[in-house]
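Listed below, chain by chain, are the residues.
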Amino acid sequence: MQMPEPDQDVVARRDDLAALLCEIVPAESVIADDDELRVYECDGLTAYRQLPMIVVLPETTGQVSRILGLCRERGVKVVPRGAGTGLSGGALPLADGVTLGLGKFNRILDVDFDNRCAVVQTGVTNLAVTQAVEHAGFYYAPDPSSQIACTIGGNVAENSGGVHCLKYGVTTNNILGVEMVLMNGDVVRIGGKHLDSEGYDLLGVIAGSEGLLGVITEVTVRILRSPACARALLVGFPSSEAAGDCVGRVIAAGIIPGGMEMMDRAAVRAAEEFCHAGYPLDAEALLIIELDGPEVEVDHLIERVREMAEDSGATTLRASTSEEERERFWAGRKAAFPAIGRISPDYYCMDGTIPRARLPEVLKRIAELSRKYGLGVANVFHAGDGNLHPLILYDANVPGELEKTEQFGADILRLCVEVGGVLTGEHGVGVEKRDLMPTMFSEADLDQQQRLKCAFDADGLLNPGKVFPTTHRCAELGRMHVHKGQLRFPDLPRF
């Protein structure tokens with residue numbers, strides 16, 4: 001869906017603002033030409049596009065501070081942007097706003113093996129963290145499928161997960177501290193190399209805040225020792241229900257795999273044709289189950305999981321016998337999203353989370369919705385923690401198909417909430433799920449969330465129009481101020 005171009009009033013303001021920004025950053029770091037702005041017109045949710053008024057590319061925290069201070073003084077909205085790989089429209093620009101690109105924040109500042117952490121700038125890619133520490137036997141656990149391109153700052157904003165989040169947690173479980181610039185230009189540090197911080201859990205608030213509270217410029221991440229042994233099972237099933245039953249058996253037995261992913265027949269065929277991972281093409285559903293730890297423990301768990309898979313009706317079963325084979329099993333899963341492009345002109349990637357026990361029921365109802373809307377769907381998801389990623393197949397060139405796809409996707413998300421789940425697992429709300437928030441939260445819930453937003457950004461200039469279906473004037477209650485680099489809240493009434 002093409003968004004409207006900036007109006008003439010916005011164009012008239014652009015030159016004035018660009019001149020002021022050029023006093024903060026080099027002129028080549030300020031982009032105001034329409035053709036050059038098109039690079040930034042959308043994120044991974046490409047159905048929605050909008051030219052920003054202007055793009056600025058700082059490279060120091062001091063520059064970010066001055067830019068935000070300037071924008072607040074002039075009442076200019078700001079949209080933070082990382083690598084642009086987000087899938088919920090969280091980095092969708094505003095025609096009357098500045099897009100703040102953080103791609104130049106790409107340095108790893110410190111690796112501290114003794115404290116098992118690394119300090120990285122927000123534009124460092126996810127995979128680069130592991131590459132920087134793997135020589136010493138360490139790695140960074142969260143591994144989204146886009147890890148070769150997505151950045152740590154974006155991971156924090158969306159609280160990203162990945163195929164190994166079942167055992168090792170999502171981003172919020174793997175960060176220790178952040179440096180963040182508030183909308184008024186103040187620079188604050190929250191957390192650090194220590195494991196726990198005193199006072200409010202502000203780090204927990206910031207993880208998943210989707211750029212509404214501040215602009216993150218630096219992150220301290222946990223690094224973990226690489227497991228002594230890791231093996232993966234590739235298990236084919238005659239139905240998605242049978243695969244879902246196996247997932248339940250494994251978790252109920254108290255076994256927590258390093259990763260447990262599921263793909264249906266359509267996704268399996270597309271992935272196999274794309275990267276030749278050795279997937280069984282006759283399976284209606286495929287599970288990839290990875291066990292890690294000491295070798296003797298892994299071998300024991302492999303046999304236990306094998307028995308459970310057979311009890312659930314597995315038709316094929318292979319265990320990796322080398323590191324190369326294990327990586328090949330995962331290569332197909334991580335390439336599943338682009339592989340779907342081989343079987344459909346367009347696809348819409350959904351993201352919702354459900355209780356694991358409801359997996360067979362939800363998959364059945366998604367199939368029913370597929371028939372109702374006359375649109376194909378390929379299911380790829382983190383089976384172990386119930387984070388679904390149905391890929392709705394459509395053709396944007398067919399009039400009405402995008403709108404029908406959006407309705408189908410909204411029904412899937414409503415279904416997730418209906419069975420006790422949530423609207424998102426790791427892609428965020430952005431603009432995609434914004435209007436569905438009332439299906440999960442009451443008006444009082446949303447008001448309270450917006451009070452928190454107001455505490456950090458009283459003027460509502462940071463990433464407005466995202467997450468909340470309606471906005472309210474910020475009240476004094478809950479406003480935040482900074483004292484000597486530390487966050488301070490006014491006294492709140494007791495209830």
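The preceding data block contains the structure.
What counts, and at which threshold
- For every chain, the first residue of the written sequence is number 1, and numbering continues from 1 onward in sequence order.
- Whole-chain, interface and lining totals are the exception, using all residues; otherwise, since this is a predicted model, local features are given only for residues with pLDDT of at least 70 and side-chain atom pairs are given and counted only at 80 or more.
- With hydrogens and water excluded, all non-hydrogen atoms of the structure serve as input to the side-chain values.
- Residue exposure (1.4 Å probe, protein chains only): buried if accessible area is under 20% of the type maximum, exposed if over 50%, otherwise partly exposed.
- Each helix is a run of H or I in the DSSP string that is no shorter than four residues. Each strand is a run of E no shorter than two, and both are numbered from the N terminus.
- Here a strand pair is declared whenever DSSP counts at least two bridges between the two strands.
- Throughout this description, the term nonpolar core refers to a set of buried Ala, Val, Leu, Ile, Met, Phe, Trp, Tyr and Cys residues connected via side-chain atoms within 4.5 Å.
- In what follows, a contact means two residues having at least one pair of non-hydrogen atoms within 4.5 Å.
- To get an axis, a line is fitted to the C-alpha atoms, and for a helix only the part in contact is used. The angle between two axes follows their N-to-C directions and goes from 0 to 180 degrees.
- Should an angle lie under 35 degrees it is considered roughly parallel, over 145 roughly antiparallel, and from 65 to 115 roughly perpendicular; all remaining angles are considered oblique.
- Handedness of a helix crossing follows the sense of rotation of the near helix relative to the far helix, less than a right angle counterclockwise being left-handed and clockwise being right-handed.
- Classification convention: Asp, Glu, Lys, Arg as charged; Ala, Val, Leu, Ile, Met, Phe, Trp, Tyr, Cys, Pro as nonpolar; all other residues, Gly among them, as polar.
- The directions from the helix axis to the C-beta atoms form the arc being described.

(A) Inspection of the pairing of strand S8 (residues 175–181) at higher detail. Most of S8 is tucked away, with 7 of its 7 residues classed as buried. Bridge count between S8 and strand S10 (residues 215–222): 6 bridges; the pairing is antiparallel. Looking at S10, one finds that isoleucine 175 is bridged to valine 221. As defined by bridge partners, S8 adjoins strand S9 (residues 187–191) across 5 bridges and the pair is classed as antiparallel. Bridged to valine 178 within S9 is isoleucine 190.

(B) Fine view of the nonpolar core. Ranked by internal contacts, the top residues of the largest apolar core, which has 89 residues, are Val219, Met262 and Leu287. Dropping the residues within four chain positions of it, valine 219 is found in contact with Ala118, Val119, Val120, Ile152, Val156, Ile175, Gly177 and Val178.

(C) Spotlight on the packing of helix H13 (residues 359–373) against helix H14 (residues 401–418). Here H13 crosses H14 at 160 degrees, and the two axes come no closer than 11 Å. Classified by the interaxial angle, the pair formed by H13 and H14 is roughly antiparallel. In this structure, H13 crosses over H14, and the sense of that crossing is right-handed. Contacts from Val362, Arg365, Ile366, Leu369, Ser370, Lys372 and Tyr373 of H13 reach H14 at Lys404, Gln407, Phe408, Asp411, Ile412, Leu415 and Glu418. Residue composition of the contact of H13 with H14, by class: 7 nonpolar, 2 polar and 5 charged.

(D) Representation of the side chain of serine 65 within the structure. Mapping serine 65 onto the fold places it in helix H3 (residues 61–74). Judged by relative accessible area, which is 18%, serine 65 ranks as buried. Ignoring sequence-local partners within four residues, the contact set of serine 65 consists of Val181, Gly185 and Val187.

(E) Geometry of helix H4 (residues 126–133). Burial in H4 covers these residues: Asn126, Val129, Thr130 and Val133. Down the axis of H4, the buried side of the element spans an arc of 90 degrees, and every buried residue falls inside it. In this fold, the buried residues of H4 make contact with strand S5 (108–112), strand S6 (117–121), strand S7 (138–139), helix H5 (152–158) and S10.

Purely geometric stuff here, so don't read any function into it on its own.
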